[in-house]
Amino acid sequence: MQIFPLSLDATWQQVESPQLCHDTFPASLHDWLTEPCSLTAKLKSHCRHFAVEVLNEQLALAPHALGWADGFSQQSMWCREVLLWCDGKPVVYGQSWIPQTLLTMTKLGNTPLGEVLFQEPRWTRKGIEIATLNGPLKPLLLRLALEVRQKYARRSVFEQGQQQMLVCEVFLTETPCR
Ligand SMILES: C=C(O[C@@H]1C=C(C(=O)O)C=C[C@H]1O)C(=O)O
């Protein structure tokens, strides 16, 4: 059964929003959800062995977060879906939407996107949104033999000039690394 790209439709809220109810999100994930720098770097610093597994890469129509609902034409982008493994445990599902023209970023293989993105200071993060996710992750959780329950996620648009990229990260556990 084709399960990718997973839908990450949810009620996304700006992490700085005064309306955001912080109690909805586990305290153990607070620093992970709000990390301003590279999540790859943070995970690496908290585990002995870090690995990226590519689950799926394909061209697909970009999601609403990239602005097409506000009058932009909906464009086809390179969708990259990965698992980030720490010490043999799948801790994050990553879904990134990359402009087709960024050829190096569409040919990353098992190199973490974060390693390339944060080397390039012209890319700036436009803020962090967070959400709780339920149904859409079920096929992935079943495939990984993980408990099917609510998960917590963050996403950011990164911008460089006219180019935009969307990076979404779903935490598969409430305690990513010790
Ligand atoms: C954006 C980052 O990149 C991470 C690496 C990813 C990848 O290799 O595709 C995907 C999502 C992120 O968790 C980061 O490190 O913050």
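Definitions and cut-offs
- Residues numbered from 1 in each chain as written.
- Predicted model: local features only at pLDDT ≥ 70, side-chain atom pairs only at ≥ 80, totals over all residues.
- Heavy atoms only, no water.
- Helix = DSSP H or I, 4+ residues; strand = E, 2+ residues; numbered from the N terminus.
- Rg over C-alpha atoms; globule rule 2.2 N^0.38 Å.
- Buried < 20%, exposed > 50% of the residue type's maximum accessible area, 1.4 Å probe, protein only.
- Core = buried A, V, L, I, M, F, W, Y, C linked by side-chain atoms within 4.5 Å.
- Contact = heavy atoms within 4.5 Å.
- Phe/Tyr/Trp six-rings, centres within 6.5 Å; stacked < 30°, edge-to-face > 60°.
- Lys NZ or Arg CZ within 6 Å of the ring centre and 35° of its normal.
- Salt bridge = Lys/Arg side-chain N within 4 Å of Asp/Glu carboxyl O.
- Pairing = 2+ DSSP bridges.
- Near = heavy atom within 4 Å.
- Polar contact = N/O pair within 3.5 Å; in protein donor to acceptor, adjacent residues only side chain to side chain.
- Areas by Shrake-Rupley, 256 points an atom, 1.4 Å probe, with all protein chains shown as cover.

(A) Summary view of the overall build of the protein. When its secondary structure is counted, the protein shows four helices and eight strands. Taken against the 2.2 N^0.38 rule, which gives 16 Å for 178 residues, the C-alpha radius of gyration of the protein at 15 Å falls within 12% of a compact globule. For the C-alpha atoms alone, the extent of the protein along its principal axes is close to 40 × 40 × 35 Å. By residue count, 48% of the 178 residues in the protein fall in the buried class.

(B) Layout of the nonpolar core. In terms of nonpolar packing, the biggest core is built from 26 residues, with Leu-8, Tyr-93, Leu-137 and Leu-140 touching the most fellow members. Breaking this core down by element, the ones donating at least two residues are β2 (50–61), β3 (76–86), β4 (89–98), β6 (129–133), α4 (138–143), β7 (151–160) and β8 (163–171). The residues touching Leu-137, leaving out its near neighbours within four places in the chain, are Leu-6, Leu-8, Tyr-93, Lys-151 and Val-170. Residues Leu-33, Phe-50, Leu-84 and Phe-171 belong to the second largest nonpolar core, which totals 21 residues.

(C) Structural view of the packing of aromatic side chains. Scanning the model with the defined rule gives two aromatic pairs in all. Between Phe-118 and Phe-158, the aromatic rings sit 5.8 Å apart at their centres with planes inclined by 90 degrees, giving edge-to-face as the arrangement. Of this pair, Phe-118 sits in the loop between α3 (113–117) and β5 (124–125) while Phe-158 is found in strand β7, placing the two residues 40 residues apart along the sequence. Residue Phe-118 is classed as partly exposed on the basis of its relative accessible area of 38%. Relative accessible area serves as the criterion here: at 3%, Phe-158 is assigned to the buried category. Taking the ring centre of Trp-32 as reference, the NZ or CZ of Lys-42 above it sits at 4.7 Å.

(D) Just the environment of Val-91, in detail. Within the secondary structure layout, Val-91 lies in strand β4. The spatial distance from the C-alpha of Val-91 to the C-alpha of Pro-121 is 27 Å, given a sequence separation of 30 residues. Not counting the four nearest positions on each side in its chain, Val-91 is found in contact with Leu-43, Leu-84, Cys-86, Val-170, Phe-171, Leu-172, Thr-173 and Pro-176.

(E) View of the pattern of salt bridges. What the rule picks out here adds up to eight salt bridges. The partner of Arg-122 in a salt bridge is Glu-120, and the shortest N-O contact between them spans 3.1 Å. What makes Glu-120 partly exposed here is its relative accessible area of 25%. Ionic pairing is found between Arg-149 and Glu-174, a salt bridge with its closest N-O pair at 3.3 Å. Placement of the pair is Arg-149 in the loop between α4 and β7 and Glu-174 in the segment after β8, with a sequence separation of 25 residues. With a relative accessible area of 42%, Arg-149 lands in the partly exposed category.

(F) Seen up close, the pairing of β6. Burial analysis of β6 places four of its five residues in the buried class, the great majority of the element. Across two bridges, the pairing between strand β1 (residues 13–14) and β6 is antiparallel. Paired with Gln-13 across the strands is Ile-130, a residue of β6. Pairing of β6 with β7, which is carried by five bridges, proceeds in the antiparallel orientation. Bridging across to β7, Ile-130 finds its partner in Arg-154.

(G) Quick peek at the site of the ligand. The ligand sits among 15 residues. The nearest are Ser-38, Leu-39, Thr-40, Arg-80 and Leu-113. Interatomic distance of 2.8 Å between a backbone N/O atom of Leu-39 and an oxygen atom of the ligand. Within the contact set of the ligand, an oxygen atom lies 3.1 Å away from a backbone nitrogen or oxygen of Gly-114. Protein chains shield 100% of the accessible area of the ligand, which is 390 Å² for the free molecule. Mapped by element, the contributors of at least two residues to the shell around the ligand are α2 (39–45), β3, α3 and β8.

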